[in-house]
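Summary of structural features
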Amino acid sequence: MTTEARTDLPAGTSAGTRPRLLLVDGHSMAYRAFFALPDTLATTSGQVTNAVFGFTSMLTNLLRDEQPTHAAVAFDAGRVTFRTERYPEYKAGRAATPDEFRSQVPLIHEVLDALHLRYLSAEGIEADDILATLAGQASAAGMDVLICSGDRDALQLVNDDVTVLYPVKGVSELARMTPDAVEGKYGVPPRQYPDLAALVGEKSDNLPGIPGVGPKTAAKWVTTFGGLDELLARADEVKGKAGEKLRDHLEQVRTNRELNALLTDVTIDLGLDDLALTGFDREAVHRVSDALQFGQMRDRLLAVDPAGEPAGEQPTGSVEIEVDDVAPGGLAAWLAARTGRLGLDVSGTTTPVGGDAWKVAVAGPDGHAVVYDTEDLGSEDDKALAAWLADEAAPKVVHGAKAAWHALAGRGWDLRGVEFDTELAAYLCHPDQRGYDLGDLAERHLGRRLGVAAPAAQGALDLDLDGGATGELEAARAATVGDLAEILAGELADRGAAHLLSDVELPLSRVLASMEHAGIAADVDYLTDLEKHFAAGVADAAAAAYDVIGREVNLGSPKQLQEVLFDQLAMPKTKKIKTGWTTDAAALQDLFARTQHPFLEHLLAHRDVTRLRTTVEGLLRTVAPDGRIHTTFYQTIAATGRLSSVDPNLQNIPVRTEAGRRIRRAFVVGPGYETLLTADYSQIEMRIMAHLSGDEGLISAFRSGEDLHRYVGSRVFQVNPEDVTPEMRAKVKAMSYGLAYGLSAFGLSQQLGISTGEAQGLMDDYFERFGGVRDYLTGVVEEARATGWTATLLGRRRYLPDLTSDNRQRRQMAERMALNAPIQGSAADIIKLAMLGVRREMDAQRLESRVLLQVHDELVVEVAPGERAVMEELLRAQMGAAFELDVPLEVSVGAGQNWHDAAH
DNA sequence: CCGCAGACGTA
DNA sequence: CGTACGTCTGCGGT
């Protein structure tokens, strides 16, 4: 078990400066951080991050201050070591490692992976033994060594080449233990420190010392006798009480010395060259920082990237690009001189109506750019710009083409020929990310900071007017978009997702732009009346509620409601939440079933009608001057591939209750159009489940044309389809849909109001009959765990690193996401394809109707006069043929003067 | 003025 | 102890 010391100088070091190896005892430093920092350091999902945060902070400081050329982190592995075998009491009596710490160790590994920093562990070997071995090899190879460890045993390694950094307070303050420092503090040179420690004992290792002998006495003995061996051999020469004690504890001292000697001959697979710092995986740094919700820490980390730009010399967008001063009328020639993809940046307002473009910047691959203020374009340049923008054959790269389209539309300009959208591309690569700000992407993928360098000496009031006027920022954005496209195109290709951008998301963004621009007509008078009606309902419910309890409270305040329910009315406690006990609708209904208290009825009614009122108020606020409501569909939000709808959200307009459906009647066919059509997929997620699982039973259920839940119910309960009762059907329906979400027996029992046992029995019976579904569901999680991602029918990936988390809650959450993502995401793929097909056919037939809304499995269309039949057929055909599954895709279509009546 | 928590609407 | 979203309100911080 010996490793020969290497004497060659490690690669990657220039002559003249000595290479410097940083060695960190990962476990001891992280553990210190864990206790030094509050457990309120956590992600919003509840993962405590104090240890990983503190550890990362310490590491960052070391990389910054010590400038190592090489580094390694060692971790303890296994409870049993040669020390515990030699001395079972070693480290006995230690409190068990808290789960909250244990769960952070893999997170620390993730951070280290992102930094391309090697970490080592060996079964039965402690971290410090690994460090001692590496330190020996490194100093033999002529390196300086820094050891960061909270274990004092490391002090024995200190010499002229090796310095120990020992934490004094938390992990932020490290004492620099050189030979002089060790001798100054303990009175013995480093090599004799273990002699001293053997006499004094080490409480944290459960190694008792000699009673009454402290560091002072021990140091005196070691110095006087020249070492521990000599001292023990001549123990009888030591006088007094202390001498007696020493003679009583000779064995213990020998044991201590044996145990505190660090191994220097551990077998290590890596050579010193392998420990060279090569630079961070910056993308992984971002990913980890996202996951751990690092704010400042992300920047601190990136600032110490050994491969990053030296601090203070970070390139800005402005130095990368030259803004050409083109003479009036010269734009056409400038554009004509540049073939290939040009980067385009449009600044202005990007609302679906009333958008406006203020500045347009175009950057070429030659490092030149032009920036135009749309207000003072000469008529010739105006024409040239409009022509270029609308030219399908003039290839462009844009960050967020849909928004640019809206802005340009405000100037009457069309935008065509967009070949690449960096925002969509970044989303396809990392669909779980929070946002896709161009500046963030530039930093992450190009290592470039966007923006005009601010003059450092000037005060904050000295605005960068010059930079703004010359359009450097816009030019930099346009150039960055162009550069980013190259990188992201490669990344997309790596994931096999290039076609998703070019064939799905990019063409879809144009369809979405038209939908948003069209908007849906709203009956404002009707909405206004409805608002009054609901407002009266709110007042009535509130008055009735106050009457019951004899006082006025804010019924919208869960906090005040808790007082009323659990203090004043002394009702039984509901489910526990962070702030006490829940007052959600399910809990209130449960309380009502048990207490029949009238307050609950009024409260529930108040909730319902308040919600409806605010929904109506919100809608009224968003009606545009054209009398229509223009939502914005976000294409890069949902990690599964779905769209989302904002301002207002038209994907959550009530439909389940009668009162809610009244709101749907406010969405009407607009003037000049004949009717609204809705077309929706029936049971698309279950059909995808049938397809993906290949389950024979489920597939024949869909092929038979029988009611799905009745069919499944007949199989599960083993009765004839006609004997499936409504109760049986409801249970099976809940279970079928729950499966796609990772529903547990407990969850199913809660939803159906049955026992967990009954729910489990139901699930067992289901899987007994539909084994293919079970196999598929377990397989999809296994595969995702192996690959790190799930994929939809079109290859849209979702990455789920938490599948291998050793935090059970996070892991199980990731497992449910893995179950759901392929199903929900494939449904999203299919309706996106359908929307493209619908659009293509409508264009081909030159129809005047228009698609207005998408609600995940439904499209809402405004039908131009005379087009109703053809549109109905077109929708059925295109939606039904969007993707060929092993089961038919069924589409139902309805028509009416408003959204409610168009439903079927 | 901002962010969080709770509640709740949709697929 | 069921996925994916967006919005509103109250509340406690700034």
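Thresholds, definitions, all that
Sequence order as written defines residue numbering, which begins from 1 separately in each chain. As a convention, the first chain written is A and the first ligand written is 1, with the rest following in written order. Per-residue local features are limited, in this predicted model, to residues with pLDDT of at least 70; the limit for side-chain atom pairs, both in listing and counting, is 80 or more; totals at the level of whole chains, interfaces and linings are taken over all residues. Excluded from the side-chain calculation are hydrogens and water; included are all heavy atoms of the structure. Numbering of helices and strands starts at the N terminus; helices are DSSP runs of H or I of at least 4 residues and strands are runs of E of at least 2. Exposure is judged per residue with a 1.4 Å probe applied to protein chains only, and the accessible area is read against the type maximum: over 50% gives exposed, under 20% gives buried, and values in between give partly exposed. In this description, contact between two residues means that some pair of their heavy atoms is separated by no more than 4.5 Å. Working definition of accessibility: Shrake-Rupley area with a 1.4 Å probe, residue cover restricted to the visible protein chains. Counted charges follow a simple rule, with Lys and Arg positive, Asp and Glu negative, and His plus the chain ends left uncounted. To locate a charge, take atom NZ for lysine, CZ for arginine, CG for aspartate or CD for glutamate. As used throughout, domain bounds are those supplied by an automatic or database domain assignment. Accessible area, probed at 1.4 Å, shrinks when two parts are joined; the buried area is that loss added up over both. We count a salt bridge whenever a side-chain nitrogen from Lys or Arg sits within 4 Å of a carboxyl oxygen from Asp or Glu. Pairs of N or O atoms are called polar contacts if they sit within 3.5 Å, as long as, within protein, a hydrogen donor faces a hydrogen acceptor (for residues adjacent in sequence, only side-chain-to-side-chain pairs). Lys, Arg, Asp and Glu make up the charged group, whereas Ala, Val, Leu, Ile, Met, Phe, Trp, Tyr, Cys and Pro make up the nonpolar group; the residues left over, Gly among them, are polar. Two strands pair if DSSP finds at least two bridges between them. Axis lines are fitted to C-alpha atoms, over the contacting stretch for helices. Their N-to-C directions set the angle, which ranges from 0 to 180 degrees. Think of it this way: one heavy atom of a residue within 4 Å of a molecule or strand is enough to make that residue near it. Put simply, a nonpolar core is a bunch of buried Ala, Val, Leu, Ile, Met, Phe, Trp, Tyr and Cys residues held in one set by side-chain atoms that sit within 4.5 Å of each other. Multiplying 1.5 Å by the residue count of a helix minus one yields the expected span of that helix. Grid points spaced at 1 Å and placed over the protein atoms alone form the basis of the search, with a cavity being a set where a 1.4 Å probe fits but cannot get out and a pocket an open set showing protein on both sides within 12 Å along at least five of seven lines. Lining residues have an atom within 4 Å of a point. Grid points are joined across faces, edges and corners, and a volume is the space filled by probe spheres set on the points.

A look at the overall build of chain A
- A tally of helices and strands in chain A yields 38 helices and 25 strands.
- Seen along its three principal axes, the alpha-carbon backbone of chain A occupies a region of about 115 × 80 × 60 Å.
- Buried positions account for 51% of the 904 residues belonging to chain A.
- Within chain A, residue pairs in contact and separated by at least 24 positions form 69% of the contacts whose partners lie at least 6 positions apart.
- Surface exposure of chain A reaches about 40,400 Å², of which carbon and sulfur atoms provide 50%.
- Treating the 89 positive side-chain charges of chain A as one cloud and the 133 negative ones as another, the clouds have centres 6 Å apart.

Quick word on the domain arrangement of chain A
- As assigned here, chain A comprises domain 1 (20-179 + 263-283), domain 2 (325-449 + 471-518), domain 3 (523-626) and domain 4 (684-826).
- Centre-to-centre, using C-alpha coordinates, domain 2 lies 42 Å away from domain 4.
- At the interface, eleven residues of domain 2 touch six residues of domain 4.
- Summed over both partners, the interface of domain 2 with domain 4 comes to about 730 Å²; 41% of that surface belongs to carbon and sulfur atoms.
- For the pair domain 2 and domain 4, the interface holds two salt bridges.
- Here R796 makes a salt bridge to E505, at a shortest N to O gap of 2.7 Å.
- At the junction of domain 2 and domain 4, the tally comes to five residue pairs in polar contact (both at pLDDT 80 or more).
- Counting residues per element, the ones that place at least two in the side of domain 2 that touches domain 4 are α19 (422-429) and α23 (498-518).
- In terms of residue count, the dominant contributor to the side of domain 2 that touches domain 4 is α23 (four residues).
- Tallied by class, residues from the side of domain 2 that touches domain 4 come to six nonpolar, one polar and four charged.

Observations regarding the sheet that holds strand β25 (residues 891-896)
- The sheet built from four strands is open, its strands ordered β23-β24-β20-β25 with antiparallel pairing. The two strands at the open ends of the sheet, each matched to only one other strand, are β23 (850-854) and β25. Strand after strand, the sheet turns through a mean of 25° between neighbouring axes, direction not considered.
- Bridge count for strand β20 (residues 675-681) against strand β24 (residues 858-863) is six bridges, and the pairing is antiparallel.

Here we look at the protein's contact with DNA strand C
- The full set close to DNA strand C counts 33 residues, and S557, D647, Y741, S744 and Q751 are the nearest of them.
- When the atoms of DNA strand C within 4 Å of the protein are grouped by moiety, sugar and phosphate amount to 70% of the total.
- Within the contact set of DNA strand C, a phosphate oxygen lies 3.1 Å away from a side-chain nitrogen or oxygen of R621.
- Here a sugar or linking oxygen of DNA strand C and a side-chain polar atom of N649 are 2.9 Å apart.
- In terms of residues, the surface near DNA strand C owes the most to one element, helix α36 (residues 808-844), which gives five residues.
- For the surface near DNA strand C, a count of residues per class yields nine nonpolar, 17 polar and seven charged.

A few points about the protein's contact with DNA strand B
- In the region of DNA strand B, 20 residues are neighbours, and T582, T583, R611, V655 and R656 sit closest.
- The sugar-phosphate portion of DNA strand B accounts for 81% of its atoms within 4 Å of the protein, the bases making up the rest.
- In this structure, A585 approaches DNA strand B through a main-chain N or O atom, which is 2.9 Å from a phosphate oxygen.
- In this structure, N652 approaches DNA strand B through a side-chain N or O atom, which is 3.0 Å from a base nitrogen.
- Partitioned by chemical class, the residues of the surface near DNA strand B number six nonpolar, seven polar and seven charged.

Regarding the sheet that holds strand β19 (residues 667-668)
- Strands sit in the order β16-β13-β19 across an open sheet of three strands; the sheet is antiparallel. Whereas interior strands pair on both sides, the edge strands pair on one side only; in this sheet they are β16 (628-629) and β19.
- Pairing of strand β13 (residues 520-522) with β16, which is carried by two bridges, proceeds in the antiparallel orientation. Each residue of the ladder has a partner; that of A521, found in β16, is R628.

Notes on the nonpolar core
- If you look at the biggest cluster of nonpolar residues, it comprises 97 residues, and the most contacted ones within it are Y681, L698 and Y766.
- When residues of this core are assigned to their parent elements, the largest contribution, twelve residues, is made by α36.
- Setting aside chain neighbours within four positions, we find L698 in contact with M686, M689, A690, L708, V712, Y766, F770 and V773.
- L120, A132, A198 and V238 belong to the second-largest nonpolar core, a separate cluster that totals 55 residues.

What about helix α22 (residues 472-494)?
- For α22, with 23 residues, the first-to-last C-alpha span of 33 Å sits near the 33 Å given by 1.5 Å per residue.
- If you check which residues of α22 are buried, you get E474, A475, A476, A478, A479, T480, V481, L484, A485, L488, E491 and L492.

Some thoughts on the pairing of strand β8 (residues 342-349)
- Relative to strand β11 (residues 396-398), β8 is paired through three bridges, and the arrangement is parallel. Along β11, the bridge assignment pairs L342 with K396.
- Two elements, β8 and strand β9 (residues 356-363), share seven bridges in a ladder whose sense is antiparallel. Of the residues in β9, the one forming a bridge with V346 is V360.
- The turn joining β8 and β9, which pair antiparallel and follow one another in sequence, is formed by six residues; a positive phi near 75° is taken by G354.

Here's the deal with the side chain of R664
- Structurally, R664 can be placed in helix α28 (residues 658-664).
- The charged side chain of R664 is buried without a salt bridge, its nearest counter-charge being E858 at 4.4 Å.
- Polar side-chain contacts of R664 include one of 2.9 Å to the backbone oxygen of I653.
- Apart from the residues lying within four places of it in its own chain, the contact partners of R664 are I653, P654, V655, E858, N898, W899 and H900.

Let's talk about the pairing of strand β2 (residues 70-74)
- Buried residues dominate β2, accounting for five of its five residues.
- Of the two faces of β2, the one carrying H70, A72 and A74 and the one carrying A71 and V73 are both buried.
- Of the strand pairs in this sheet, strand β1 (residues 20-25) and β2 are connected by five bridges, and their pairing is parallel. Across the sheet, residue L23 finds its bridge partner in β2, namely A72.
- Summarising the sheet, β2 and strand β3 (residues 118-120) pair through three bridges and their orientation is parallel. The residue of β3 that forms the bridge with A74 is L120.

Looking at empty space enclosed by the protein
- Throughout the structure, instances matching the rule amount to four cavities of 30 Å³ or more.
- In this model, the largest cavity occupies a volume close to 50 Å³.
- Along the walls of the largest cavity sit D153, A197, G201, E202, D205, L207, N256 and N260, which together make up its complete lining.
- For the lining of the largest cavity, the residue count by class is two nonpolar, three polar and three charged.

Details of the pattern of salt bridges
- By the definition in use, this model includes 42 salt bridges.
- Salt-bridge contacts for K832 lead to E505; the nearest nitrogen and oxygen are separated by 2.7 Å. Residue K832 is located in helix α36, and its partner E505 is located in helix α23; the two are separated by 327 residues in the primary sequence. A single burial state applies to K832 and to E505, both of which are buried.

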